[in-house]
Structures are given as structure tokens and as C-alpha cells.
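Spelled out, the chains give:
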Amino acid sequence: MAARFIHIVRQRLRSLFQRERLDDQLDQELRFHLEQLERENLEAGMNPVQARVAARRALGNLAVFKEECRDERRVSWYYEFCQDVRYGVRMMRKHPGFTAIAAVSLALGIGANAAILNVGAALVFGELPVPDAERLVLIRTNPAANPLQNSQASVPDYIAWNEHNRTFEAMGASLSSQQDLGGDDISAVAERIAGQAATPSLFDTLKVPPQFGRVFRNDEAQIGKSAPVIIISDRLWRRRFAGDSGIVGKQIRLNGRNLEVIGVMPPGFHYPNGEADFWVPLTFTPFQMQASARLFTVAGRLKPGSTLEQAESDVDSILAETERGLPGQHIEWHARLVQLRNSWFGWIAQPLLTLEGAVILVLLIACANVSTLLLARLPARQPEVTVRLIMGASRSRIVRQFMTESLLLSLTGGALGIFVAWWGVRSLESLRPPPGGISISGIAGESGVLGLVLVLSIASSLIFGLIPALVAFSSGTDPRQATAHRRRGRLSGILVSTQVGLALVLLISSGLLLNSFVRLIFDDRGFQPAGMLTFDYRIPVQEYVQNYGSYRGMPAMTITPPTQGMQRVYERLKALPGVDSVAGSSAPPVNGIVPPLATLIIEGKTVPETPAERAAANAYYFLVTDNFFGTMKAQLLRGRDFETRDTRSSPWVAVINETMANRFWPGEDPIGKRFTVDAAFGEQPREVIGVVRDVALQYIRNGTSQAVAYTLYLQQPEKYEGFNTGAFGQMTFFIRSEQNPSRLASAVRRAVAEIDPDHPVANIRTMDEFVSSVMRTRRYDVSALGVFALMATVLAAVGVYGVISSSVSQRTREIGIHMAMGAGARDIVRLVGARVLRLVAMGLLFGLLASLLLTRLLESQLWGVTPTDPPTFAAVIVLLTGVSLAACFIPARRAMRVDPAEALRMD
């Protein structure tokens, strides 16, 4: 059996690659048989001519016999395919305009789909820089009353999970940290770098060994005391230390402490996000062991065989037991697991799905467009099909010929689409992730793009090529040409209506996103971002903390606020040339990750005691400098801004926003009212001196307004014990200037270095750059979807033009008869335009129904616009109708110029 199979394979290969040699052998064998028959006829008494004729008659038709012999080789399909390819290439060269339109249309659809599918596949199935990444999860928490809230874990949560879980083989915790890396004697200056404080078990969980040195030992992270050691990233090692191979064992200065470098992580290692450049030991204080804020990132590696659902149930039950044992805990919390891959790349999932939906529509429109153009060419090719059928070509042979031509068109479009795909991948990889995400730069490989382009090209050829191929056969065999013409016309009309409908879906989707984007740009956020430079300055909390204590039974720190050092920096900035005004806030007033929250005790009202009462009395609060609202250009509705006369020794004052005024003093004038921030010992009542319009806490607002109190940075207790004590050592400064604020960046760095060379500025940028970064992903979505919608509109217009142009050509005689009977130009335009309006109307109806269903998927990406926004729908319908009517202008004009005499002479 095996020998027979090998023999068959060998013969098939000889038939493919030694065709001429086999044909020569066949000719020789036939000549031998012919000569033998002639000899036998001569011996039977025939003359030479009779013997030769009789021999040929006995053998039969030699050409047919040769073809039958070649068919026995079972490779005739290959040679027929080669013939079809050669003929298809000639047809493409014969009609370069059609080939160019079809190839470019397909290139856009194939290339865009390949780019997005390649990136998506890499995100879902690609290798991550950690072993067995599918078993790595992050454990998040959320209150039962708000399942959408996304919180990290507390120290008691982590300890309980680590000790009592049954589904994890290892678990580690980390805490985000930004610290100041000191300058050196060579050339480097101090800079702010991002990193993590991590438990030693974290590296056991991740199972990523360093490329140099070692990871933390358990004795280097004891309770209340951490060893002076540090692990740095490969990126920081190369950038700051020039890839020094002897870096392990050297000392670097971080936040004023000398730390020994014990390891360098390998290239490409990121955890928990792409910003981390160092890791130091994470130690817990005794108070954190009892209770702490949910700020810790907990990662776990599932045991082999443990499912995500089992692990989530495991940690959730442990969390419930832990929360019951904590004093003062009255909120029910739940745990949920997020795979590490989803945590890193989840930020781009929605944009990719939106874009993939758009490019699928573009590819379908392109296929319908090419199919329409192929149908329009069929009348010119009908004699060719008829002749081939008369000569004995089979139905499958005709279909294969047309499908081969479609495949050549599609492969040509795919070849051009490689460049579109390459550009698309690079464009997607240029997107910057939000905080906590990982950049996708370099994640998609080129080999994947090539494979996807090939698959999409073949699939596209089947989509757009099959209908014209079947219609070509039926037209060639149908003697009733009028019937065949009507059949082609109906199919072309259906395809054009489909294009118009799909283009409408894309136009409406892009229109909704554009409408939303414009509303976001012009949304009044309560301040004017243009003309401002912003940066962060920080004095590490270790430099002003006194000791650990408690406030209302909760862990707290006793500190002496570093107001004098912060004030010196503030005064130096005000003296810079070109500066119109300067102000600072203890936290970014817009897009802060964790805005400070405190309970307010309102003078004359009951002191809140229960958790519900305290929650109702909560408000966000910021410590700000004088002239804060003047610098931000926020509108004061009542009262005044903080002024230089407001000092530590003067009465303590506050400015509140409009929402706080309406919540705490509804129907009253809040000016002169007093409240106390219940966040520390030593606080004094503050008098409300002004009410400001709400300043959005998030640049892209969620539709809800929050109560906010602004207190003066200088008016704080000399010793402070309570929550958010780290706020005293950090300040986000805003500098307003009539000149280009970015030109002040170098002067700002020098000015701060003069006052405090050990603590550099960080995140220095203009507010316009900040706005651009916040809006980058939305801008990309709008731009990309707009481009795809424009492609779809152009393709739909080409389809309308092709169908109407073909219709005019085929109806020339009919048009001539109308004109001979007295029809004017308006009548001819009405005759041509009537079909356009029918096709467009059918397409608009289909697209409108599809849009009403599909645009609801965009609801989470819209702001200030509903998924069924009537003005957007109406504007897009008018636009697409106008474009479609414009596309039939040239065919209609040609129809009006038909010579009746010439048309009547046509058969």
C-alpha cells in the first residue's frame, strides 16, 4: 500500500515538473504504434497511402487521445489554472482603469482588516514577558453597592488571601511609588522616576529572574523596616547608567536614601505597568496590618488546574471573612479577578472592536463595489463566454475562469494592502496607554500581517467573485438576453443598495463620534487650559513625617508640613520673567487619580457620626495657594479669591464650588458660613469667602458634579495628624503666560533647582499637551472612523456611478427612442435618476435600520450625544444622498447627449 502511494506521488510530481518529457515520451509511443499499424497494413497488401490512412483511422483522433492520456495524470487542473492565470493577467492589463479601481478598493479593506486583526491577535494570543502569563491574575475589590468601582486591595486583604487561599501557588503585593533619583558627578541631573514597592513574594509569583544580580530576600522586607536595596529596569539601566555591567553592588540615591542596586530586570519586563523603572522592598507598618486604604496591587499565580471562577470564589469568601473582623467596617466588599493580559491591554479593547467593525464594513463595501463593476463588464464579455460554451467548455470551467480572475484582482489588492496594513499597525502602536496600561508598541509581528493579508485576499475573492462568475455562466447559456440583462441589473442594484446602506452605518457612527468629540472639546470645564504650563513638585513624606499615630481609630501620620520650603519655590516661580501668574494645588484639580476626600463638620449642624452621615458630609478638598482661581481663570460666582493677606496667622478661610454650596446650604448665601475639615487634630473652622463655578475633576466628565472645598495651603496646623498627610509635600503648579508657555520649561527647572536641587520637577508640560494626551485615543477613534467612512462613501459613489453608467450604455437604444419621440433633457435625467433614487432609498432604509441597532454599541464612547441623535442621522442621510446623486451626473449627462439617429441604428 505504501509502495503504491509513493509510486502515485512520484508520478504526480513527474507530471507537474516533467511535462515536456512525458509529452515527448507519449509522442514517441504513439508514433511507434502508428508505425506498427502501417507495417501491418503494408503486409496485408495495402499501398503506403492506404496503410497510413487506415493506421490513423484505427488510432482515432490523436489530439483527443493525447488529452485523455494527460487527464489520466490527474494534474490537468494545474495546467488549466495556469492558463486561467495567464488569461486573467491579460484581461487585467487590457483594462488598467478597472484593475486600478478594484485593486485600490480591496487594498484599503484588506490592509485595514489585516492591521487590526494582527494587533488584536497579538494582544490576545501573543507572548507576554512573564512565564505562563495565562495563570497570572490581579485581584481587585469593589463595594457591593457599586460593582463598577475599581479598587485595589488593603494590607489585611492581601495577608488573608496569601495565608488562606486554596487556588494560588504564589501571591505578591506592590504599591506604586514615584521617587526622586539623585544626580551624579558625571552629567545626569536629578529626575523623578516611577516604580513600585514590592514584596519579595511578587518576584516568585511572576517567575521572571533578573538578567543581572538577584531579587529581594524575605529578610529585606520586615514589618516596619526595609533594607536599603533596589532593583532597576533594563530601560533605566541603559538610559541612566549607560548599560554599566558593574552596576550590581553600586549605590544610587533615591528620595535622599542611598540604596544598593542588587539586580537589573531583563529587557521587555513590565510590572504592573510600562512606567515602572525600579522596585524596592515593600514593608507594612503595624497600623497597615490592622487596616489601610485599598491602594495595593495584588498579583497571584493560579495553581495548575484552578479556574478563574474557582479562584474568584475563593478570595471573595476570604475577603468577606476578613472584613467582618475589621473594626468600623460597615461596607460589604467583593473580590474579582482580572487576568494580567486584560489588565495591561484592556484599555485598547474597545477602540479595536470599534475600528474592526468599521473596517469589516469597508471590506464588504469594497467587495460589493468590485462585484458591481464585474457585473457591469459582463455584457462586453458575453460573446466570449458563449463561444467558449459552444466549443465545449463546462460550467465549472467558466466559473473557475472568472474566479481565477477575481483571485488575481484580490491578490493584487492584497499586495497593495500590505502597505496599508503596515501603516495601520504602526499607527495603532503609536497610541499611548492610560495610567496602568501597557504600550502595544512592537507587539505585532510582520509575518502575521502577511498571513492575514493572504487569507483575507482569498476570502475577498470568494465574496465578490462568485456572483459575477455564476451570472456569467447563466447569461452565456440563456438565449433570452433581455432576461439576462434584467438579472444582472437586479443583482447590481442590490449590491449598490448594500454599499449605500453600509456606508450610511459608517457615516452615522463616525458622525456620532465626531459630534461627541466636538462637544468634548468645547465643553466648559470651569477653567481655561490654554496658555498654562503645569508641573509637579514634591518633597518626600519621609522628610517631614514625625511618627505614626491614629485618628478616629484609623492609622495616620503625625507630620510638620513643609510649608516654608514649598513657599520658597512658589515665590521663586512668581519672579520668573514672562510669568503672568502662578498658583499651586496639593493634587491635580483635573484628572487626579485619587482626589482627596474628607468629612466636613458644618457649623450649626449636627456632627456626623454614623457611616451614612459621614458619607453624606464628604467633600473633595484641595490645598491651594493664593490667586489660584485667577490663574486657572475659574469664574467666581460670589465672594473673592485667596489673597496674599490670607496668611497662617489670619482667620482661616475657604472657597467652595457651586455644588457644595447647593448641597450644604441650599437656598442660603454660603458666604460667611463656617466648616471644619474633619481630617486631623489641630484643624480650625474655616470661613467661606467665595463660591466658584464647578471645575471638572475629570477632563472628560461623567455627568455628575462633586462637592469640592478649596483651603489655603499656608493655613494648616503646625503639627498634623490625620488622613492624606502626603498632600502637604506635593504641589501641582500652574504658570500662566501670554507667551508660549512651553518656552518657560527650562527656566522653571533651573528656578526649582536653585531652591531645591535634590527634588526635581516632574510631568512638566503645557495644559494643551495635557488635553491632547487625554483626548488622544478618542481623537484617533474619530479620525480613523472618519477615514473609513470617507472610503465607504467614495466606494459607494463609485458603485452608483458604475451601475448607472452601465445602465445608460445598455439602454442607449431606449433613450434614443425616447428622445426621438420628443423627450427633453429633463425627461432623460428623470429616467436615469429614477433608478438612482430607488437604489439609494433602498440602501438608506437598510442602513438606517442597521444603524439604529449597531450604534448602541458606541454608547459608552459617546459624550453628550445619544446613539440615535436625530441631527446626526439627518445630516448623514442628506450627505450620502447628495454624494450618490452627484455620482450619476456624468452618466446622466452622457445620456442627454445620445444621438437619436445613432441610437436607432444600433441593433
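Treat the numbers as computed from the prediction; the structure is a model and nothing was measured.

Rules used in this analysis
- Residues numbered from 1 in each chain as written.
- Predicted model: local features only at pLDDT ≥ 70, side-chain atom pairs only at ≥ 80, totals over all residues.
- Heavy atoms only, no water.
- Helix = DSSP H or I, 4+ residues; strand = E, 2+ residues; numbered from the N terminus.
- Buried < 20%, exposed > 50% of the residue type's maximum accessible area, 1.4 Å probe, protein only.
- Areas by Shrake-Rupley, 256 points an atom, 1.4 Å probe, with all protein chains shown as cover.
- Phe/Tyr/Trp six-rings, centres within 6.5 Å; stacked < 30°, edge-to-face > 60°.
- Lys NZ or Arg CZ within 6 Å of the ring centre and 35° of its normal.
- Pairing = 2+ DSSP bridges.
- Expected span 1.5 Å × (residues − 1).
- Arc of directions from axis to C-beta.
- Contact = heavy atoms within 4.5 Å.
- Polar contact = N/O pair within 3.5 Å; in protein donor to acceptor, adjacent residues only side chain to side chain.
- Axes fitted to C-alpha atoms, helices over the stretch in contact; angles between N-to-C directions.
- Parallel < 35°, antiparallel > 145°, perpendicular 65-115°, else oblique.
- Left-handed = near helix turned anticlockwise from the far one by under 90°.
- Salt bridge = Lys/Arg side-chain N within 4 Å of Asp/Glu carboxyl O.
- Nonpolar A, V, L, I, M, F, W, Y, C, P; charged D, E, K, R; others polar.
- Core = buried A, V, L, I, M, F, W, Y, C linked by side-chain atoms within 4.5 Å.
- Patch = residues over 30% accessible without salt bridge, like charges linked within 9 Å, V, L, I, M, F, W, Y side chains within 5 Å.

So, the overall build of the chain
Then step 1. Each helix and strand in the chain was counted, giving 27 helices and 27 strands.
Then step 2. Scored against the burial criterion, the 907 residues of the chain give a buried share of 50%.
Then step 3. Accessible area of the chain: about 42900 Å², with a carbon and sulfur share of 58%.

Concerning the packing of aromatic side chains
Then step 1. What the rule picks out here adds up to 15 aromatic pairs.
Then step 2. Each ring, one from Phe-628 and one from Tyr-710, has its centre 5.9 Å from the other, and the planes form 35°; the classification is tilted. Of the two residues, Phe-628 sits in helix 19 (residues 628-632) while Tyr-710 sits in strand 24 (residues 708-712), which places them 82 residues apart along the sequence.
Then step 3. An angle of 50° between the planes, with centres 6.2 Å apart, marks the rings of Phe-664 and Trp-665 as tilted. We note that Phe-664, like Trp-665, is buried.
Then step 4. Here the basic side chain of Arg-294 rests over the ring of Trp-333, its NZ or CZ set 3.9 Å away from the ring centre.

Re the pairing of strand 2 (residues 168-181)
Then step 1. Counting buried positions along strand 2 gives ten out of 14 residues, so the element sits mostly inside the fold.
Then step 2. Alignment of strand 2 against strand 11 (residues 297-302), held across six bridges, turns out to be antiparallel. Paired with Ala-170 across the two strands is Arg-301, which belongs to strand 11.
Then step 3. In terms of strand pairing, strand 2 meets strand 3 (residues 191-198) through eight bridges, oriented antiparallel.

What about helix 11 (residues 308-324)?
Then step 1. Compared with an ideal rise of 1.5 Å per residue, which puts 17 residues at 24 Å, helix 11 spans 25 Å between its outermost C-alpha atoms and is within 8% of the ideal.
Then step 2. Within the span of helix 11, buried status applies to Ala-311, Asp-314, Val-315, Ile-318, Leu-319, Thr-322 and Glu-323. Viewed along the axis of helix 11, the buried residues span an arc of 155°, placing them on a single side of the element. Exposed side of helix 11, more than 90 degrees from the buried face: Glu-309, Glu-321 and Arg-324 are the residues found there.
Then step 3. Where helix 11 is buried, its residues touch strand 1 (136-143), helix 7 (155-164), strand 2, strand 11 and strand 12 (333-339).

Some thoughts on unusual backbone geometry
Then step 1. The peptide bond linking Tyr-271 to Pro-272 adopts the cis configuration, its omega dihedral lying at -5°.
Then step 2. The topology assignment puts Pro-272 in the loop between strand 9 (257-264) and strand 10 (278-281).
Then step 3. Even without glycine at this site, Lys-633 takes up a positive phi of about 55°.
Then step 4. A positive phi angle, close to 55°, is found at Asn-763, a residue other than glycine.
Then step 5. Relative to the elements of secondary structure, Asn-763 occurs in strand 27 (residues 762-766).
Then step 6. Taking the relative accessible area as the measure of exposure, Asn-763 reaches 44% and is therefore partly exposed.

Some details on the environment of Glu-668
Then step 1. Tracing the backbone through its elements, the reader meets Glu-668 in the loop between helix 20 (658-664) and strand 21 (674-678).
Then step 2. Looking at Glu-668, its side chain comes within polar contact range of the side chain of Lys-673, at 3.1 Å.

Some words on the packing of helix 7 against helix 11
Packed helices, taken two at a time, are described by the angle between their axes plus the distance between the axes.
Then step 1. The N-to-C vectors of helix 7 and helix 11 enclose an angle of 125°; their axes lie 9 Å apart at closest approach. Regarding the angle of helix 7 to helix 11, the classification is oblique. Regarding helix 7 and helix 11, the two cross each other, and that crossing is right-handed. Residue-level contacts link Pro-156, Asp-157, Ala-160, Trp-161 and His-164 of helix 7 to Val-315, Ile-318, Leu-319, Thr-322 and Glu-323 of helix 11.

Let's talk about the pattern of salt bridges
Then step 1. Tallying each qualifying case throughout the model produces 22 salt bridges.
Then step 2. Close ionic contact of Asp-157 with Arg-294 constitutes a salt bridge, the shortest N to O distance being 3.3 Å. Of this pair, Asp-157 sits in helix 7 while Arg-294 is found in the loop between helix 10 (286-290) and strand 11, placing the two residues 137 residues apart along the sequence. Summarising the burial analysis for this pair, Asp-157 and Arg-294 share the class buried.
Then step 3. A salt bridge links Glu-429 to Arg-426; its shortest N-O distance comes to 4.0 Å. Pair noted here: Glu-429 and Arg-426 are both in helix 14 (residues 395-429), with a separation of three residues, about one helical turn.

Looking at the packing of helix 17 (residues 563-574) against helix 21 (residues 745-755)
Then step 1. Direction vectors running N to C along helix 17 and helix 21 enclose 140°, while the axes themselves pass 9 Å from each other. Note that helix 17 runs across helix 21; the crossing there is right-handed. Of the residues in helix 21, those touching helix 17 at Arg-568, Val-569, Arg-572 and Leu-573 are Val-748, Ala-751, Val-752, Glu-754 and Ile-755.
Then step 2. Looking at the contact of helix 17 with helix 21, its residues break down into six nonpolar, no polar and three charged.

With respect to the nonpolar core
Then step 1. If you look at the biggest cluster of nonpolar residues, it comprises 129 residues, and the most contacted ones within it are Trp-279, Leu-428, Phe-642, Tyr-710 and Phe-788.
Then step 2. With 16 residues, helix 22 (residues 767-810) is the largest single contributor of residues to this core.
Then step 3. Every residue in contact with Trp-279, bar those within four places of it in the chain, is listed here: Gln-196, Ala-198, Phe-203, Phe-216, Ile-230, Ile-231, Ile-232, Ser-233, Met-265, Phe-269 and Tyr-271.
Then step 4. Met-566, Ala-707, Val-752 and Ile-764 belong to the second-largest nonpolar core, a separate cluster that totals 42 residues.

Details of the pairing of strand 10
Then step 1. Neither face of strand 10 is exposed, since Phe-278 and Val-280 on one face and Trp-279 and Pro-281 on the opposite face are all buried.
Then step 2. Bridge analysis of strand 3 against strand 10 gives three bridges, and the strand direction is parallel. The residue of strand 10 that forms the bridge with Ala-198 is Pro-281.
Then step 3. Here strand 7 (residues 229-232) runs beside strand 10; their pairing, made up of two bridges, is antiparallel.

What to know about the environment of Glu-859
Then step 1. Locating Glu-859 in the fold gives a position in the loop between helix 24 (825-854) and helix 25 (870-887).
Then step 2. We classify Glu-859 as partly exposed; its relative accessible area is 49%.
Then step 3. Each C-alpha atom of the pair Glu-859 and Leu-512 lies 9.6 Å from the other, and the pair is 347 residues apart in sequence.

Comments concerning the environment of Gly-799
Then step 1. Note that Gly-799 resides in helix 22.
Then step 2. For the pair Gly-799 and Thr-372, spaced 427 residues apart in the sequence, the C-alpha separation amounts to 6.5 Å.
Then step 3. For Gly-799, the residues in contact, after removing those within four places along its chain, are Asn-369, Thr-372, Val-496 and Gln-499.

Regarding the side chain of Thr-732
Then step 1. Summarising the element assignment, Thr-732 is placed in strand 26 (residues 730-736).
Then step 2. Judged by relative accessible area, Thr-732 falls into the buried class, the value being 7%.
Then step 3. For Thr-732, the residues in contact, after removing those within four places along its chain, are Thr-534, Phe-535, Asp-536, Ala-583, Gly-584, Ser-585, Ala-587 and Pro-588.

Examining the side chain of Ser-650
Then step 1. By the element assignment, Ser-650 lies in the loop between strand 19 (636-639) and strand 20 (653-657).
Then step 2. Take Ser-650: its relative accessible area is 17%, and that puts it in the buried class.
Then step 3. Polar contacts involving the side chain of Ser-650 include one to the main-chain amide nitrogen of Thr-647, which spans 2.8 Å.

Thoughts on a nonpolar patch on the surface
Then step 1. On the surface, Leu-411, Leu-454, Ile-458 and Leu-462 cluster together into a nonpolar patch covering about 340 Å² of accessible area.
Then step 2. The element contributing the most residues to the nonpolar patch is helix 15 (residues 446-477), with three residues.
Then step 3. Assignment of secondary structure puts Leu-462 in helix 15.

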